[in-house]
Amino acid sequence: MSKLSITDLDLKGKRLFVRVDFNVPVKDGRVEDDSRIRGALPTIQYALEHGARVILASHLGRPKGERNDKYSLRPVAEHLAKLMSAPVQFADDCVGDKVKAKVEALKDGEVLLLENLRFHSEEEKNDDGFAKQLASLCDVYVNDAFGAAHRAHASTVGITKFVSQSAAGLLMQKELEYLGRVISNPEHPFVAILGGAKVSDKIPVLNALIDRKVDKILIGGAMAYTFFKAQGFTTGKSLVEDEMMPTALEIIKRAEKANVELLLPTDHQVVDSYDPLKSKKTIPVEFTNAGLVGLDIGAETVAHFSQALQDAKTVIWNGPMGVFEEKQLGFDEGTIGVARAVAEAADRGATVIVGGGDSVAAITQAGVADRITHVSTGGGATLEFLAGDELPGVAALKDK
Ligand code: AMP
């Protein structure tokens with residue numbers, strides 16, 4: 001890696017500001033999924049073992065620049081303390097005199113978590129004054145929040161202008177290493193699986209994958225309907241981005257020209273829009289009529305996608321194959337099926353990288369997470385990185 005690493009820094013007795021990604025689901029004051037918190041533990045432990053005074057900062061949800069208890073990081077401080085079996089102090093804000101006093105009182109080997117950065121609108125505006133206030137809390141800065149590295153915010157970019165040292169944390173390094181390898185030197189056959197709702201979000205990554213000579217692209221989720229409608233299929237009431245239809249046709253043409261196999265679902269799970277609870281059925285995609293909504297891929301498609309992964313040596317997956325959240329109605333089946341299929345590819349020796357909230361939740365739900373080569377903590381950041389964009393939060397760090 002060309003950027004300075006936390007391992008290059010002298011941390012003894014230093015106030016170390018670590019931008020972490022603790023944007024975790026919290027319900028009734030309890031952390032529901034702590035994988036992102038666990039992801040940051042190696043960096044925190046490393047800093048403590050090297051005698052730093054650790055100040056942690058993160059965003060949580062979208063409080064829109066205002067204090068909102070629903071998005072408080074206090075439950076995360078409690079959870080982190082349990083994970084570390086050590087006390088974690090909490091500051092009620094992330095800037096200001098009271099926070100400064102708390103930081104001043106920190107001793108070597110102690111940890112302080114600041115309140116949600118996004119309680120201040122200046123964070124997302126990458127405001128210099130706010131970045132300066134954050135920087136004034138510390139001697140050195142480390143960014144370990146890969147999942148937020150595609151955003152140029154005060155805590156990911158602005159702050160680096162006002163600190164003497166800015167380096168990557170261990171999680172950030174690990175993410176860049178795995179994803180960097182996929183970009184620069186993937187083993188073939190290289191298969192990408194993309195799903196989710198929006199084609200528009202995935203155009204840059206689709207184009208970059210075609211340019212990089214990925215061998216196959218498997219498309220599921222609502223995204224597929226824009227491709228179907230663009231080709232003249234009836235998609236009924238399924239989610240389509242009409243304005244993206246010309247782009248979808250272009251992608252199909254580009255893939256053909258580059259000899260990239262583009263696979264779309266052959267069957268899907270649909271409901272009648274007038275009777276969604278009772279009418280669920282699986283039909284071939286060409287049987288879709290005007291009253292139907294497609295909400296998941298069918299079993300035949302799962303089998304086709306699994307078959308397409310048989311000889312894969314590199315697999316990346318981002319985005320659910322259906323309305324994954326609707327577990328009771330069973331619209332998570334396609335996504336779970338793909339989770340099992342990518343785990344089997346990993347068992348056969350493929351490098352498998354899974355990113356994005358729903359796909360990561362699916363591999364956990366399917367009980368296959370420990371078989372996946374690398375579970376990325378990034379969603380948007382992973383896609384932007386794979387699309388070849390330099391992430392602002394990484395670019396801002398000091399070069400080695
Ligand atoms: P994205 O943020 O683009 O990765 O999309 C994730 C969302 O796509 C999830 O909330 C899914 O419920 C949604 N999604 C996936 N497949 C479908 C579908 N067939 N119809 C509607 N929404 C879908």
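Everything in this summary refers to the structure shown in the same document. This structure is a prediction, so every number in the text was calculated from the model and none was measured.

Our focus in this paragraph is the nonpolar core. Core analysis: the biggest nonpolar cluster contains 71 residues, and Phe 17, Leu 114, Leu 206, Leu 209 and Phe 227 have the highest contact counts within it. Every residue in contact with Leu 114, bar those within four places of it in the chain, is listed here: Phe 17, Ile 55, Leu 56, Ala 57, Leu 73, Phe 90, Ala 91, Asp 93, Cys 94, Val 99 and Leu 137. Counting residues in hydrophobic clusters, the runner-up holds 33 residues, among them Leu 48, Leu 56, Val 88 and Leu 113.

A word on the side chain of Asp 296. Considering the arrangement of structural elements, one finds Asp 296 in strand E14 (residues 292-297). The buried charged residue Asp 296 lacks any salt bridge partner; its closest oppositely charged side chain belongs to Lys 280, at an N-O distance of 6.5 Å. Within the local environment of Asp 296, its side chain forms a polar contact with the backbone nitrogen of Gly 334, the two atoms lying 2.9 Å apart. Not counting the four nearest positions on each side in its chain, Asp 296 is found in contact with His 268, Gln 269, Met 321, Gly 322, Gly 330, Phe 331, Asp 332, Glu 333, Gly 334 and Thr 335.

This part is about unusual backbone geometry. In this structure, Pro 189 follows His 188 across a cis peptide bond, with omega equal to -5°. Positive phi, close to 50°, is recorded for Ser 85, a residue that is not glycine. If you trace the backbone, Ser 85 turns up in the loop between helix H2 (74-84) and strand E5 (89-90). Even without being a glycine, Lys 213 presents a positive backbone phi close to 60°.

Before going further, it helps to spend a moment on the site of the ligand. The full set close to the ligand counts 15 residues, and Ala 197, Ala 222, Gly 294, Gly 322 and Glu 325 are the nearest of them. Interatomic distance of 3.4 Å between a backbone N/O atom of Lys 198 and an oxygen atom of the ligand. Protein contacts shield 76% of the accessible area of the ligand, which totals 500 Å² for the unbound molecule. Each residue belonging to the shell around the ligand can be placed in one class, and the counts come to seven nonpolar, four polar and four charged.

Now for the sheet that holds strand E7 (residues 140-143). Read across the sheet, six strands follow the order E5-E6-E4-E1-E7-E8 without closing on themselves; strand pairing throughout is parallel. Edge positions in the sheet fall to E5 and strand E8 (166-168), since each has one partner strand and no second. Strand direction decides the pairing type here: E5 and strand E6 (residues 111-113), joined by two bridges, are parallel. Bridging across to E6, Phe 90 finds its partner in Leu 113. In the packing of H2 onto the sheet, the strands contacted are strand E4 (53-57), E5 and E6, and the crossing angle to E6 comes to about 155°.

We now examine the environment of Ser 155. With respect to the helices and strands, the residue Ser 155 is situated in the loop between E7 and E8. Each C-alpha atom, one on Ser 155 and one on Val 394, is 12 Å from the other, the two residues being 239 residues apart in sequence. Discounting residues that sit within four places of it in the chain, Ser 155 has contacts with Arg 19, Leu 117, Glu 123, Leu 134 and Tyr 141. For Ser 155, the side chain forms a polar contact with the side chain of Arg 19, separated by 2.7 Å.

The next point concerns the sheet that holds strand E13 (residues 281-284). Taken in spatial order, the three strands line up as E13-E12-E14 in an open sheet, and their pairing is antiparallel. Each of the sheet's edge strands pairs with one partner strand only, and the pair in question is E13 and E14. Within this sheet the neighbouring strands show an average axis-to-axis angle of 45°, counted without direction. Relative to E14, strand E12 (residues 267-272) is paired through five bridges, and the arrangement is antiparallel. In the strand pairing of E14, His 268 is matched with Ile 297. Where helix H10 (residues 299-308) meets the sheet, it contacts E12 and E14, and its direction lies at approximately 40° from that of E14. Relative to the sheet, helix H11 (residues 333-347) contacts E12 and E14, its axis offset from that of E14 by approximately 20°.

The final tally for this structure, using the stated rule, is 20 salt bridges. The residue Lys 161 makes a salt bridge to Asp 128 at a minimum N-O spacing of 2.8 Å. Taken together, the residues Lys 161 in the loop between E7 and E8 and Asp 128 in helix H5 (residues 128-135) connect sequence positions 33 residues apart. We classify Lys 161 as exposed; its relative accessible area is 55%. Classification of Asp 128 by relative accessible area gives partly exposed; the value is 35%.

Attention now moves to the packing of aromatic side chains. Given two aromatic rings, one states the distance between the centres and the angle between the planes to describe the pair. Tallying each qualifying case throughout the model produces three aromatic pairs. Arranged with centres 5.2 Å apart and planes meeting at 70°, the rings of Phe 228 and Phe 233 form a pair that is edge-to-face. The partly exposed category is assigned to Phe 233, whose relative accessible area is 32%. Connected via pairs of aromatic rings, a cluster forms that spans Tyr 225, Phe 228 and Phe 233. Here the guanidinium or amino end of Arg 181 rests over the ring plane of Tyr 178, the centre of that ring lying 5.2 Å away.

Let's shift gears to the environment of Val 285. Considering the arrangement of structural elements, one finds Val 285 in the loop between E13 and E14. With 15 residues separating them along the chain, Val 285 and Val 270 place their C-alpha atoms 9.5 Å apart. With sequence-adjacent residues up to four places away left out, Val 285 is seen in contact with Phe 228, Thr 234, Pro 265, Thr 266, Asp 267 and His 268.

What counts and how
Residues numbered from 1 in each chain as written. Predicted model: local features only at pLDDT ≥ 70, side-chain atom pairs only at ≥ 80, totals over all residues. Heavy atoms only, no water. Core = buried A, V, L, I, M, F, W, Y, C linked by side-chain atoms within 4.5 Å. Buried < 20%, exposed > 50% of the residue type's maximum accessible area, 1.4 Å probe, protein only. Contact = heavy atoms within 4.5 Å. Helix = DSSP H or I, 4+ residues; strand = E, 2+ residues; numbered from the N terminus. Lys, Arg positive; Asp, Glu negative; His and termini not counted. Salt bridge = Lys/Arg side-chain N within 4 Å of Asp/Glu carboxyl O. Polar contact = N/O pair within 3.5 Å; in protein donor to acceptor, adjacent residues only side chain to side chain. Near = heavy atom within 4 Å. Areas by Shrake-Rupley, 256 points an atom, 1.4 Å probe, with all protein chains shown as cover. Nonpolar A, V, L, I, M, F, W, Y, C, P; charged D, E, K, R; others polar. Pairing = 2+ DSSP bridges. Axes fitted to C-alpha atoms, helices over the stretch in contact; angles between N-to-C directions. Phe/Tyr/Trp six-rings, centres within 6.5 Å; stacked < 30°, edge-to-face > 60°. Lys NZ or Arg CZ within 6 Å of the ring centre and 35° of its normal.

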